[in-house]
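# Descriptive analysis of the structure
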Amino acid sequence: MYTQAGGPSWEVPLGRRDSRGASLSGSNNNIPAPNNTFQTILTKFKLQGLDVVDLVALSGSHTIGNARCTSFRQRLYNQSGNGQPDSTLQQSYAAQLRTRCPRSGGDQNLFFLDFVSPTKFDNSYFNNILASKGLLSSDQVLLTKNEASMELVKKYAENNELFFEQFAKSMVKMGNISPLTADDIWRERSSLHQSALNGSSSSEITELPCKSSCNLLPMGSSLQNLYIKCINSNPRKGSVNNEALHFCDSQG
Ligand code: HEM
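Summary of the structure given here. (Residues numbered from 1 in each chain as written. Predicted model: local features only at pLDDT ≥ 70, side-chain atom pairs only at ≥ 80, totals over all residues.)

## Section: the overall build of the chain
Threshold: Helical segments are the DSSP runs of H or I of at least four residues, strand segments are the runs of E of at least two, and each set is numbered from the N terminus. Counting other C-beta atoms within 10 Å of a residue's own tells you its class, since 20 or more makes it buried, 12 or fewer makes it exposed, and anything in between is partly exposed; those C-beta atoms are placed from the backbone.
A count of helical and extended segments in the chain gives 13 helices and two strands. Here the chain holds 252 residues, and the buried ones make up 28% of them.

Written as structure tokens, this is what we have:
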């Protein structure tokens, strides 16, 4: 898709262990929101092993696609609770956006993330930001709230090649963010076993990642209730499901 829109291509490493399910709360908690502060967004990236270079380059993906009125309305009317629009949003661009994104209603109305070349993968997203015409607050803060990211926005606005190169690298890096592997689970489970045998309290047990589908634990197992409690309270993604079942099987 990126190359069809004129963007870079890259080799995708194969064999990624992927999630067997999706978690709405997991997504909502971990994925940055458009009105998050720069620091919050960067922290969320860092928690996934991505740095400020990745953040700025990957945000360049907003060179294509749309956002709904509801994703940036706050900037048009009441950015910081004082009834004023976001001062970092260019005024006539803001006025234009207000015509189709009213104070109330029109939540689903769509707007180009990059109004200059909305279907072309290029670096005009960064030039828009330099002109105070980034659509989302999360776009504009890349220029206004942090020195390092400001420099990167300027660099990518100036040099399309550099943007493409870094975008491809950061996409591979993002693709390598791993869900838990079988080994991770095994290690955690072994230490859980150990602490349970040592008489540790059940509160530690709830730290273990496991999955609600683990319903095959043998009745009467002393660990059963602890596992079920933990499993029900801590649904996780990736290979956990499989591994939880494996654990259950091995107990049966
Ligand atoms: C840096 C933090 C990010 C924030 C806060 C953010 C936020 C958003 C929001 C609010 C929208 C519009 C959704 C809507 O209104 O329905 C959007 C659209 C989009 N985002 Fe991001 N995003 C971020 C990073 C990324 C990254 C890393 C990528 C990919 C590499 C990406 C790719 C896209 C694309 C392609 C669209 C357009 C979707 C469409 O047209 O249907 N975004 N983003």
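Let's pick the thread back up.
## Details of the site of the ligand
Operational definition: All residues are tested the same way: a C-beta atom is placed from the backbone, and lying within 6 Å of a molecule or strand makes the residue near it. All amino acids are sorted into three groups, where Ala, Val, Leu, Ile, Met, Phe, Trp, Tyr, Cys and Pro are nonpolar, Asp, Glu, Lys and Arg are charged, and the leftover types, Gly among them, are polar.
Around the ligand, the structure places 17 residues, and the nearest of them are Leu 58, Ser 61, Gly 65, Ala 67 and Ser 71. Residues that form the shell around the ligand fall into these classes: nine nonpolar, seven polar and one charged.

## Looking at the environment of Asn 66
To keep things clear, this is the line we draw: In this description, a residue-residue contact is defined by the distance between C-beta atoms placed from the backbone, which must lie within 7 Å.
Note on placement: Asn 66 falls in strand S1 (residues 66-68). Taking the C-alpha atoms as reference points, Asn 66 and Phe 111, separated by 45 residues in sequence, lie 5.2 Å from one another. Beyond its immediate stretch of four places on either side in the chain, Asn 66 contacts Leu 110, Phe 111, Phe 112 and Leu 113.

## Quick word on the nonpolar core
What counts here: Note on definitions: a nonpolar core is a set of buried residues drawn from Ala, Val, Leu, Ile, Met, Phe, Trp, Tyr and Cys, linked by C-beta atoms within 7 Å.
Val 56, Phe 126, Ile 129, Leu 142, Val 153 and Tyr 156 are the most contacted members of the largest nonpolar core, which totals 21 residues. Among the secondary structure elements, those contributing two or more residues to this core are helix H2 (38-47), helix H3 (52-59), helix H6 (124-130), helix H7 (137-144), helix H8 (147-158) and helix H9 (160-175). Here Leu 142 is in contact with Val 56, Ser 59, Ile 129, Ser 149 and Val 153, once residues within four sequence places are set aside.

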